[in-house]
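# Observations on chain architecture
These are the residues of each chain, in order.
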Amino acid sequence: MRFRPPFRRRPAPSRRVAEAETVVDQGPPGEVVEEEVLEPPPPPPRGPLVWPWLLVLLLLVVGGLVALWLLTRDDDTKSSNAVVVPNVIGQPQSEAVARVNGTGLVARVVTKPSDAPAGRVFAEEPGARTRVAHKSVVKLSVSAANVVAVPNVVGELATAATAELRAQGLAVGTSSVASSKPRGTVLSQTPAAGAKVAKGSTVVIRVSRGMVSVPDVVGQTRGTAVPAIRAAGLVPQAFTVPSAQSKGTVVSQSPKAGKRVPGGSKVRLNISSGQTSGGVPPPPPPPPPPPGTKPATVTVPDVTGRAQEAAQRQLNSAGLKAGVVYVPSDQPEGAVVSQSPEAGTTQKRGTRIQLNVSLGPTPGEQRAVPDVRGEDPAAARAKLESAGFKVQTLPQGVTDASQIGTVVDEQPAGGRRAPVGSTVTIYVGRRP
């Protein structure tokens, strides 16, 4: 028995067999057979390279992300300092103010007539949920406790108009203007008649100074001539001149006695010094300055004994500033006790005259006056009135155009203490 392995390698085909598989078609005998050699087909074209473009795209994306971060990092810093205005509409004033101030903002209260319950916020600006900078001012409109209609006082005498307005619970501010209407007649009022305002608001009435006759005070002493001129609604200006007449006697006046002039006009009084100067007559009054120009110096008027508001108006009309300080005195509250510089002295236009104003025989509560310089007149008025003060507005010439229409001064000054219910005068910038 012969052993056969399970696997046997098959012999490779012989070269002869492999070559036999190639068949050559031979033609007839005697023909030459040409063998044609075929070139292999060219390889398919290679596609474009993609990786350089991917690298460029990646670099563009990275550059864009870096630029976006550089542009927005400042915004992120700013947004971190921004504050969202809380919604306080409908809340009581005290709670609303505390909430606004507690978020890093500054609440400013303005009392206005409204159908909302008294003492509650009915509007806020900027609106709720607005993002604003830290320490921004938020204006809160609070409904007035009582609302009254302004009565019509145009055409009435100032005394009657003042009594009627005060009977309605309104404060009164008075400004006198030149007019041909009889002296003391109310020419206009602000706010207008019928307007709804909060009780305690100020109504400004403009009163005619009228036309008055200059009284004859030549030959009188200074002590009697000055009050007589002032009683006629005019402003006395006394000057000492050389004269042989008794010292202190009025030797001449301008305008002359009997002339009709607008109320509030100035009357020059030449007062004798009691000595002559070699027979030289007293110098005539200086000629008036050209129209449109103002003298560089002015004579300080006598405002002692007058009410603080009236004294400030008189100084303002004379081109002077006022400084108000309350002092203990037995004189009525609000009366000017003394002034410095003294009346009759010549000072540069714009000089501040210190007024010491009486606290009254029995001084009441005093409060610090809020500082409203740089604010809008309406906002300043609201702030002062909410602090318990009355407000009088007077113009003041300024050279800085940015101060026109804003409060440039206030008297008593911000931070000084003044009686509750007294008047704070704000000076609003205007072109000189």
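Look above for the structure.
Cut-offs and rules
Residues numbered from 1 in each chain as written. Predicted model: local features only at pLDDT ≥ 70, side-chain atom pairs only at ≥ 80, totals over all residues. Heavy atoms only, no water. Helix = DSSP H or I, 4+ residues; strand = E, 2+ residues; numbered from the N terminus. Buried < 20%, exposed > 50% of the residue type's maximum accessible area, 1.4 Å probe, protein only. Contact = heavy atoms within 4.5 Å. Areas by Shrake-Rupley, 256 points an atom, 1.4 Å probe, with all protein chains shown as cover. Phe/Tyr/Trp six-rings, centres within 6.5 Å; stacked < 30°, edge-to-face > 60°. Lys NZ or Arg CZ within 6 Å of the ring centre and 35° of its normal. Pairing = 2+ DSSP bridges. Axes fitted to C-alpha atoms, helices over the stretch in contact; angles between N-to-C directions. Patch = residues over 30% accessible without salt bridge, like charges linked within 9 Å, V, L, I, M, F, W, Y side chains within 5 Å. Salt bridge = Lys/Arg side-chain N within 4 Å of Asp/Glu carboxyl O. Core = buried A, V, L, I, M, F, W, Y, C linked by side-chain atoms within 4.5 Å. Arc of directions from axis to C-beta.

## Examining the overall build of the chain
Helices and strands together make up the secondary structure of the chain, namely seven helices and 25 strands. Within the span of the chain, comprising 432 residues, buried residues form 32% of the whole. In the chain, of all internal contacts separated by at least 6 residues, the share reaching a separation of at least 24 is 70%. For the chain, the computed accessible surface area is about 26600 Å², with 56% contributed by carbon and sulfur atoms.

## Topic: the packing of aromatic side chains
Counted according to the given criterion, the structure contains zero aromatic pairs. Its guanidinium or amino end placed over the ring of F239, R268 lies 3.9 Å from that ring's centre, counting from NZ or CZ.

## Quick word on the sheet that holds strand 5 (residues 137–143)
Where strands meet in a sheet, backbone hydrogen bonds hold them as pairs that are either parallel or antiparallel. Across the sheet, which stays open at both edges, the three strands sit in the order 2-5-3 with mixed pairing between neighbours. Each edge of the open sheet carries a strand with a single partner, namely strand 2 (106–112) and strand 3 (121–125). With strand direction ignored, the average angle separating the axes of adjacent strands in the sheet is 25°. Looking at chain direction, strand 3 and strand 5 are connected through four bridges and run antiparallel. Residue pairing across strands places E125 opposite K139, the latter belonging to strand 5. Against the sheet, helix 3 (residues 93–102) makes contact with strand 2, strand 3 and strand 5, and its axis sits at roughly 155° relative to strand 2, the strand it touches most.

## A few points about a nonpolar patch on the surface
Where nonpolar side chains cluster on the molecular surface, the patch consists of W51, L55, L58, L59, V62, V66, W69 and L70 and spans about 850 Å² of accessible area. Within the fold, L55 resides in helix 2 (residues 51–81).

## Some thoughts on the nonpolar core
Membership of the largest hydrophobic core comes to 28 residues, with the highest contact counts inside it found for L315, L320, L355, L384 and I426. Going through the elements one at a time, helix 6 (308–317), strand 17 (321–327), strand 20 (352–358), helix 7 (377–386), strand 22 (390–397) and strand 25 (423–430) are the ones with two or more residues in this core. Setting aside residues up to four positions removed in sequence, I426 forms contacts with V372, P377, A380, L384, V391, Q392, T393, L394, V407, D409 and E410. A225, I229, A232 and V261 belong to the second largest nonpolar core, which has 14 residues in total.

## Details of helix 4 (residues 158–167)
Among all positions in helix 4, only A158, A161, T162 and L165 are buried. Across the axial projection of helix 4, the buried residues extend over an arc of 100°, all falling on one side. More than 90 degrees from the buried face of helix 4, the exposed residues found are T159 and A167. In the core, the buried residues of helix 4 are packed alongside strand 7 (171–177), strand 8 (186–190) and strand 10 (202–208). Following helix 4 by one or two positions, G169 adopts a phi angle in the positive range, close to 85°.

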